[in-house]
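# Structural features, examined
Listed below, chain by chain, are the residues.
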Amino acid sequence: SGRSIQRPLPGTSLADPQRMSEGISSSGDFHTDNGRPLAAGGGITPDVEISEPTRDPWVQFLDRRGIFATYASDYLSRRGRISSSFEPDQATLDDFRDYLTRHDIRTPGEYWDGDKGYLELRIKTELFNLVFGLAAGNEIETRGDVQVQKAAALLPDVPELLKPSASKIAAARPHGRETPAGGKLRHAPADSAGTEPRFSQGPSR
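Residues numbered from 1 in each chain as written. Predicted model: local features only at pLDDT ≥ 70, side-chain atom pairs only at ≥ 80, totals over all residues. Heavy atoms only, no water.

Along the polypeptide, T125 turns up in helix α5 (residues 109-132). At 2.8 Å, the side chain of T125 forms a polar contact with the backbone oxygen of L121. Sequence-distant contacts of T125, that is, excluding residues within four places in its chain, are made with G137, I140 and E141. (Helix = DSSP H or I, 4+ residues; strand = E, 2+ residues; numbered from the N terminus. Polar contact = N/O pair within 3.5 Å; in protein donor to acceptor, adjacent residues only side chain to side chain. Contact = heavy atoms within 4.5 Å.)

As structure tokens, this is what we get:
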């Protein structure tokens, strides 16, 4: 379409990416080969927005502390190599819970039940990282990614999504709240306060 999809980056040569494409379109309106309307700048706006899952403070704490990786190492040292057909089950979760208790990390009831699916995914990912390599672990994590799953489910709808529609130009406009520097923010950080909740019952290990 000839458009620039670069979002503005204040303080750099890309502060005004539209200037880089002057002469291509004076109106700022662009169209695909089949006539679908597009808007320049601001990055790429998806046809279907799939929100990133929000994680509660407890699993954020576990991720930041690298608990899943250390548990995977401990699991293998006690139980030996896993097979490629390994799937975490309730016994695995019970073992993980015991591991957390041994390391003075609380397992709040208000989070545990709702987090079981994520815990199983992270445990399996880290075990596959150690046994079969990072590529295998990345594949497990990608297959379990909710956004990837929803995007894959939309593949049969791609022809319909690509059809021209006058209403799509509005959706293509850059949006998001302004930062003090003039940039766009689409997602707020998961822990905007910058503080880490205390889930450890003892000194950090």
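A surface patch of nonpolar side chains, about 260 Å² in accessible area, is lined by L155, V158 and L162. For V158, a relative accessible area of 34% translates into the label partly exposed. (Patch = residues over 30% accessible without salt bridge, like charges linked within 9 Å, V, L, I, M, F, W, Y side chains within 5 Å. Areas by Shrake-Rupley, 256 points an atom, 1.4 Å probe, with all protein chains shown as cover. Salt bridge = Lys/Arg side-chain N within 4 Å of Asp/Glu carboxyl O. Buried < 20%, exposed > 50% of the residue type's maximum accessible area, 1.4 Å probe, protein only.)

Right, let's get into the side chain of T107. As for its position among the elements, T107 is in the loop between α4 (90-102) and α5. For T107, a relative accessible area of 18% translates into the label buried.

Taking 1.5 Å of rise per residue, 13 residues should cover 18 Å, and α4 covers 18 Å from first to last C-alpha, within 8% of that figure. At its buried positions, α4 is contacted by α2 (57-64), α3 (67-79) and α5. Capping the start of α4 is the job of one residue whose side-chain oxygen sits 3.1 Å from the backbone nitrogen of A91: D89. (Expected span 1.5 Å × (residues − 1).)

Two elements in contact, α2 and α5, have axes separated by 10 Å at closest approach and are oriented at 30°. Taken as axis vectors, α2 and α5 run roughly parallel relative to one another. Relative to α5, α2 is oriented so that their crossing is right-handed. From α2, P57, W58, V59, L62 and D63 reach across to α5, where they touch Y111, W112, D115, Y118, L119 and R122. Taken together, the residues that form the contact of α2 with α5 break down as 8 nonpolar, no polar and 3 charged. (Axes fitted to C-alpha atoms, helices over the stretch in contact; angles between N-to-C directions. Parallel < 35°, antiparallel > 145°, perpendicular 65-115°, else oblique. Left-handed = near helix turned anticlockwise from the far one by under 90°. Nonpolar A, V, L, I, M, F, W, Y, C, P; charged D, E, K, R; others polar.)

Taken as a whole and judged by the stated rule, the model has 9 salt bridges. The partner of R79 in a salt bridge is D95, and the shortest N-O contact between them spans 3.3 Å. Here the residue R79 occupies a position in helix α3, and D95 occupies one in helix α4, the gap between them amounting to 16 residues. With its nearest N and O atoms 3.1 Å apart, the salt bridge here joins E126 to R122.

Okay, the nonpolar core next. Ranked by internal contacts, the top residues of the largest apolar core, which has 27 residues, are W58, L62, I82, F96, L100, L119 and L127. For this core, the leading source of residues is α5, giving 8 residues. Other than its neighbours up to four places away in sequence, L100 contacts W58, L62, I67, I105 and T107. (Core = buried A, V, L, I, M, F, W, Y, C linked by side-chain atoms within 4.5 Å.)

Another point: the packing of aromatic side chains. One pass over the full model with this rule turns up 8 aromatic pairs. Three or more aromatic residues joined by ring pairs form one cluster here, namely F68, Y71, Y75, F86, F96, Y99 and Y118. Stacked on the ring of W112, the Lys or Arg R97 has its end atom at 4.4 Å from the ring centre. (Phe/Tyr/Trp six-rings, centres within 6.5 Å; stacked < 30°, edge-to-face > 60°. Lys NZ or Arg CZ within 6 Å of the ring centre and 35° of its normal.)

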